[in-house]
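The residues making up each chain are set out below.
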Amino acid sequence: MDVEKKVLEMLKPKREEYELIENVYKKIAEKIEEKASSSGIQVEVTLQGSIAHDTWLSGDRDLDIFVLFPLTMTLEELRAKGFNILLEAAKEIGRYELRFAEHPYVRVFLNGVEADLVPAFKVPDPGKIVSAVDRTPFHTEYINKTLTPEDKDQVRLLKKFMKTIGVYGAELKTKGFSGYAVELLVAKYKSFRKILEEASNWEIPIFINTLENVDWEVFKKKLRRKYPDSVIYMPDPVDPLRNVTANVSLKTLSTFILGARCYLNSPSIDFFNAKPQPISIDEVVKHSTNRCLVVLKYTLSDPPPPDVLWGELQRVETNVVNLLNNRDFEIMDSSTWTNEKDVAYIILEASLCSIPEYKLYIGPRVTVRERSESFISKHSQNEYGPWIGKDGRLRSLRKRRTYSIVDALRELASEYNSPPHLKPITPSVSRLHLEIAEEIVEKGGYAWLVEFVLKKPSWMAKCTG
Ligand SMILES: Nc1ccn([C@@H]2O[C@H](COP(=O)(O)OP(=O)(O)OP(=O)(O)O)[C@@H](O)[C@H]2O)c(=O)n1
Ligand SMILES: [Mg+2]
C-alpha cells in the first residue's frame, strides 16, 4: 500500500499543471468559437478524454477538444466545412499537424501542450451517433457521474502500471487497454488492488459485466457473436453492444494477467517506473552471437497514419513468418517496430540461420502402388534417391534452392505481399550487427530491440525473484 501512496503523489497533476492546461484550453476554445461564428455555424467546444475526466497523469499534456456541430450538417459537411474551421483556428494558434484515424482532426501545439481538435456531431443520445467520435461526450458524462475523486486516483495508478508493463493504449501498436477501459475497470472494481486481484485469476476469454439490468448470459453470447476474436469483453455502458476492449490482444492480456500476479507477490515501485534495462548496445549485439537474429528494414517515404502503418507491418510480419515456416525455418519469435516517420523494422529469431542443404522427402511404402509410382516420377530429377528406407518407405534427397535465411528472405521479398505503403520498397535484410543495432537505437527503438534480444521484459525480473 505504501508503494501505491508514494506513486500516487507523483501521478497526481500539480496545481500549476491544471492551470497551464486550463489556460491553453481557454485560448483554443476562444479561437475556435471566433472562427465558427464568423462562418455562421453554431458550435459547442467541449473538453473530453482524461482531462475532462480528471484521470490524467502528471506530466501528460494532451488535450482532447471535441467541437460539436449541429446534426443539420451532413457528415461530408462536417468533415469539410467543420474540419476547416478547426484548421483555420489551428493556423492562428501555433504549430499544427493534420491527422486522421477514421476521421480527420487537427493536432495543435501551444505552450508545450498538445491538443487534438476533433469535429463531432452533437447527438441527443448514444443511439443516434453518426461517427464513433460522437460517442465520446457520453463517455465523459458517464465517467464523471460514476467515478468519485478517489476512484480517479485509482485510475491513475492502473494507467501508470499498464503503461509500465506495456499494455496501455488501444492503438494497433500496443493492442492494449484504452483510458476508457481503465476507467470502466475502476468503476466496476473500485480499487487498483482489487482489479489486479481479479485479473490474476482471469481465464481467457474473460467477460466483464459493466451493465445493469441485463441477462448477462444472453448478452455474453451477443458480444461473442459480434466480436468472435476478442479475448476480453467489456461492454460500453453508453453503447452496450460495443466491446471497449475489442482490440486487446492475447499477448497484451496475458502480460497484464501475469504482471498483476507478480505485482501482488512483490509490490514495487518498479511497476510504475519504466526503466530502460542497463545494457550497452555492444552487449546487446554480443547476445546475438550464436543465435539467429535477422532484421528487415523498410524505408518509409510518405507514412500513413500510425494505425494503418502498424496494421500493415504486422500483416507483413505474419506473412514473412509463414513463408519462412513453409521453407523449413523454425521461427521462434518475431516483432515489428516503426518510428512512424521514416523507418520500420521487422526482427525475427530463427532456431537456425542455415538449414541443411538437402531436404529429405519421405514417400509411401512400395506396396501402395499408385502413390509410390507417382513419388518415383516426381522425385526422379532429385540429386539422390529414390531409395528404400528401413521402414519400407521410399525416400529421396533434393538440394534446396536456398538454405540461408537471409538468402531466403531476399528471394521471398516479392511474396511478402507488402501492402500499399511498403510496396515500392523491398526491405534490406541482414543479420543483427552493430551498425544496424546502432541505427535502430538512433531511430528510437532501443527498448524494443533490447526486449526482443534479451527476451525478458524488465518487470519480469520481479516475478522470478
Ligand atoms: N479506442 C478509443 C480511443 C478513444 N476513445 C474516446 O476518446 C476519448 C479520448 O481518447 P484518448 O485521449 O485516447 O484517451 P484518454 O481517456 O484521454 O486517456 P489518456 O490519459 O491516455 O489521454 C476517450 O475518453 C474515449 O471517449 C474511445 O472511446 N476509444
Ligand atoms: Mg487523452
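Residues numbered from 1 in each chain as written. Chains lettered and ligands numbered in written order. Predicted model: local features only at pLDDT ≥ 70, side-chain atom pairs only at ≥ 80, totals over all residues. Heavy atoms only, no water.

*Asks:* So what's going on with the state of the cysteines? Which residues, and what values?
*Replies:* Summed over all chains, the structure comprises 2 disulfides. Two residues share a disulfide in this structure: C262 and C463, whose sulfurs sit 1.7 Å from each other. Because the sign of the S-S torsion sets the handedness, a value of about 105 degrees for the bond joining C262 and C463 places this disulfide among the right-handed ones. Linking C262 in helix α10 (residues 250–265) with C463 in helix α17 (residues 461–464), this pair joins segments that are 201 residues apart in sequence. With a relative accessible area of 28%, C463 lands in the partly exposed category. Across the disulfide from C292 sits C353; the S-S distance is 1.9 Å. On the S-S bond that ties C292 to C353, the torsion sits near 75 degrees, and the link is right-handed. Residue C292 is located in strand β10 (residues 292–299), and its partner C353 is located in the loop between β12 (343–350) and β13 (358–365); the two are separated by 61 residues in the primary sequence. For C292, a relative accessible area of 3% corresponds to the buried category. (Disulfide = S-S within 2.5 Å. Helix = DSSP H or I, 4+ residues; strand = E, 2+ residues; numbered from the N terminus. Buried < 20%, exposed > 50% of the residue type's maximum accessible area, 1.4 Å probe, protein only.)

*Asks:* Before we move on, could you go through the sheet that holds β10 and cite the residues and values that matter?
*Replies:* Hydrogen bonds along the backbone pair up the strands of a sheet, which may run parallel or antiparallel. Across the sheet, which stays open at both edges, the 4 strands sit in the order β11-β12-β10-β16 with antiparallel pairing between neighbours. Sheet topology places β11 (331–338) and β16 (428–431) at the edges, where each strand pairs with a single neighbour. Direction aside, neighbouring strands of the sheet carry axes that sit 15 degrees apart on average. In the sheet, β10 pairs with β16 via 4 bridges, with the strands oriented antiparallel. Along β16, the bridge assignment pairs K297 with S428. Here helix α12 (residues 306–326) sits on the sheet in contact with β10, β11 and β12, set at roughly 155 degrees to β11. (Pairing = 2+ DSSP bridges. Axes fitted to C-alpha atoms, helices over the stretch in contact; angles between N-to-C directions. Contact = heavy atoms within 4.5 Å.)

*Asks:* Which residues make up the sheet that holds strand β2 (residues 62–69), and what values go with them?
*Replies:* Spatially, 5 strands are ordered β1-β2-β5-β4-β3 in an open sheet, and the strand pairing comes out mixed. Each of the sheet's edge strands pairs with one partner strand only, and the pair in question is β1 (44–48) and β3 (95–100). Looking at each pair of strands side by side, their axes are set apart by 25 degrees on average, direction ignored. Alignment of strand β4 (residues 104–110) against strand β5 (residues 113–121), held across 5 bridges, turns out to be antiparallel. Residue pairing for β5: R107 is matched across the bridge by D116. Along the sheet, helix α4 (residues 75–93) makes contact with β2, β3, β4 and β5, crossing β4 at roughly 10 degrees.

*Asks:* Got a sec to walk through unusual backbone geometry? Specific residues and values, please.
*Replies:* Negative phi characterises most residues that are not glycine, and trans characterises most peptide bonds. Between I204 and the following residue, P205, the backbone shows a cis peptide bond with an omega angle of 0 degrees. Locating P205 in the fold gives a position in the loop between α8 (192–199) and β6 (206–207). The omega torsion of the bond from G385 to P386 falls at 0 degrees, within 30 degrees of zero and hence cis. With respect to the secondary-structure elements, P386 resides in strand β14 (residues 384–388). In this structure, N213 takes a positive phi of about 55 degrees despite not being glycine.

*Asks:* Please set out the domain arrangement of the chain residue by residue, giving values where relevant.
*Replies:* By a widespread convention, an interface's size corresponds to the accessible area lost as its parts come together. Annotation of the chain at the domain level lists domain 1 (2–144), domain 2 (147–272), domain 3 (281–354 + 403–464) and domain 4 (358–399). Once you take the C-alpha centre of each, domain 2 and domain 4 turn out to be 55 Å apart. (Domains from an automatic or database assignment.)

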